[in-house]
Amino acid sequence: MGGAWDVQVVEVSARDGLQNDPAELSTAQKVELVRRTTAAGLTRQEIASFVNPARVPRMADAEAVVAALAEDPDRAAASYIGLVLNARGFDRAVLTRIDEVNLVVAASDEFTERNQGMSTDEAVRTVEQVAPLARAAGLVPTVTVSTSFGCPFSGEVPVDRLVALTERLAASGVEEIALADTIGVAVPRDVRDRVRRVRAVTGAVRLRAHFHNTRNTGYANALTAYEEGVRVLDSSLGGIGGCPFAPKATGNIATEDLVYLLERSGVTTGLDLDALIAASDWLATALGGPTPSLVSKAGGFPTTT
Ligand code: ZN
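Overview of the structure. These figures come from a predicted structure and were not determined experimentally. (Residues numbered from 1 in each chain as written. Predicted model: local features only at pLDDT ≥ 70, side-chain atom pairs only at ≥ 80, totals over all residues. Heavy atoms only, no water.)

## Notes on the coordination of the zinc ion
Reasoning step 1: Each protein donor to the zinc ion is listed here as Asp16 (OD), His210 (NE2), His212 (NE2) and Asn252 (OD1); together their distances run 1.9 to 2.2 Å.
Reasoning step 2: Geometry at the zinc ion is irregular, judged from its 4 donor atoms and the angles of 87 to 153° they form at the metal. (Donors = N, O, S within 2.8 Å, 3.2 Å for Na, K, Ca; no water. Tetrahedral: all angles 85-135°; square planar, octahedral: opposite > 155°, others 65-115°.)

## A look at the packing of helix 2 (residues 27–39) against helix 3 (residues 62–69)
In helix packing, the relevant descriptors are the interaxial angle and the interaxial distance, both defined with respect to the helix axes.
Reasoning step 1: Contact geometry of helix 2 with helix 3 gives a least axis separation of 10 Å together with a crossing angle of 50°. Put simply, helix 2 runs oblique to helix 3. Viewed along their axes, helix 2 and helix 3 form a crossing whose handedness is right-handed. Residue-level contacts link Thr27, Lys30, Val31, Val34 and Arg35 of helix 2 to Ala64, Val65, Ala68 and Leu69 of helix 3.
Reasoning step 2: Here the residues of the contact of helix 2 with helix 3 are counted per class, giving 6 nonpolar, 1 polar and 2 charged. (Axes fitted to C-alpha atoms, helices over the stretch in contact; angles between N-to-C directions. Helix = DSSP H or I, 4+ residues; strand = E, 2+ residues; numbered from the N terminus. Parallel < 35°, antiparallel > 145°, perpendicular 65-115°, else oblique. Left-handed = near helix turned anticlockwise from the far one by under 90°. Contact = heavy atoms within 4.5 Å. Nonpolar A, V, L, I, M, F, W, Y, C, P; charged D, E, K, R; others polar.)

## Some remarks on helix 9 (residues 218–227)
Reasoning step 1: When you tally the buried positions in helix 9, you get 7 out of 10 residues, the bulk of the element.
Reasoning step 2: Burial in helix 9 covers these residues: Gly218, Tyr219, Asn221, Ala222, Thr224, Ala225 and Tyr226.
Reasoning step 3: In the segment just after helix 9, Gly229 is the residue with positive phi, at about 100°. (Buried < 20%, exposed > 50% of the residue type's maximum accessible area, 1.4 Å probe, protein only.)

## Some words on the packing of aromatic side chains
The geometry of two aromatic rings is summed up by the distance between their centres and the angle between their planes.
Reasoning step 1: Tallying each qualifying case throughout the model produces 2 aromatic pairs.
Reasoning step 2: With a centroid separation of 5.9 Å and an interplanar angle of 45°, the aromatic rings of Phe149 and Phe211 are classed as tilted. In this pair, Phe149 sits in the loop between strand 5 (140–146) and helix 7 (159–170) while Phe211 sits in strand 7 (residues 206–211), placing the two residues 62 residues apart along the sequence.
Reasoning step 3: The class for Phe149 is buried, based on a relative accessible area of 7%.
Reasoning step 4: For the cation-ring pair, Arg114 lies above Phe153, with the distance from its terminal atom to the ring centre recorded as 3.8 Å. (Phe/Tyr/Trp six-rings, centres within 6.5 Å; stacked < 30°, edge-to-face > 60°. Lys NZ or Arg CZ within 6 Å of the ring centre and 35° of its normal.)

## Observations regarding the pairing of strand 6 (residues 176–181)
Reasoning step 1: Within strand 6, 6 of the 6 residues are buried, which leaves it mostly tucked inside the rest of the structure.
Reasoning step 2: Going residue by residue along strand 6, you find Glu176, Ala178 and Ala180 tucked away on one face and Ile177, Leu179 and Asp181 tucked away on the opposite face as well.
Reasoning step 3: With 4 bridges joining them, strand 5 and strand 6 adopt parallel strand pairing. Across the sheet, Thr144 pairs through a bridge with Ala178, a residue of strand 6.
Reasoning step 4: Note that the unit made of strand 5, helix 7 and strand 6 has a crossover that is right-handed.
Reasoning step 5: Bridge analysis of strand 6 against strand 7 gives 6 bridges, and the strand direction is parallel. (Pairing = 2+ DSSP bridges. Right-handed = clockwise from strand over helix to strand, strands pointing away.)

## Some details on unusual backbone geometry
Reasoning step 1: Despite not being glycine, Thr147 has its phi angle at roughly 50°, a positive value.
Reasoning step 2: As for its placement among the helices and strands, Thr147 is situated in the loop between strand 5 and helix 7.
Reasoning step 3: Its identity as a non-glycine residue notwithstanding, Asn216 has a phi of 65°, on the positive side.
Reasoning step 4: A relative accessible area of 65% means that Asn216 is categorised as exposed.

By themselves these figures say nothing about function.
Structure, rendered in structure tokens:
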């Protein structure tokens, strides 16, 4: 990763944020969203999902979104991520100008089955198959471990199970493993424990964390992950989003709220908070109502007059 900042924030609004929103943005609006977040300094963004459009209709324009951004002046500095659940999705992604493919494995069998129609073991084998293909094609392969902290169907996810899974994924050729709290059940103690245990078996593979604020613990979890050495954090402008296959899975942590928390804590992100708030206001208007973010309403730290 490198870079001059303490934390790399990965913006997920254009994919995770929008895939389940009642409002449907046009392709042009999605492209404008990515351009606005890019202008605020977010160089790494999840912008498309190469999944079956019949299952996730909001993401049917994946190819068009990637193509529309291809000639942007700051394109070379950006790294765009596309979600891929299987070999068929990879076959679509590799034909586009996407930079990274983010594969997905859920820590629980029942969630993997409902999310992508296969067992956890089959999903791992998909990662083992696709990661080398991605590297050979010049794409960066990463994997997100959904339900790392708990499953909406099977409840507790044993730490030993998560550790064994991530150890196997670390050997698959992926460059990064994201621990995702898909349904927002984690608390800082879980984050501390799981990050430590996972790090012990994943070697040089970079760790990333993805939190939802479903139970108001998302920001405490993100700060805890940072304190445990995680240097890549996902968030979504406005705090929008949620998985269509996870019941009651509400928004991601909001990018502007996360950036306020980190920067006021002396942790640099390289992001422009005022530009993020302006982009978040634009997004709320585009979606037709307020977002869960609080910093977009309150503003940053008061400036003296
Ligand atoms: Zn999410």
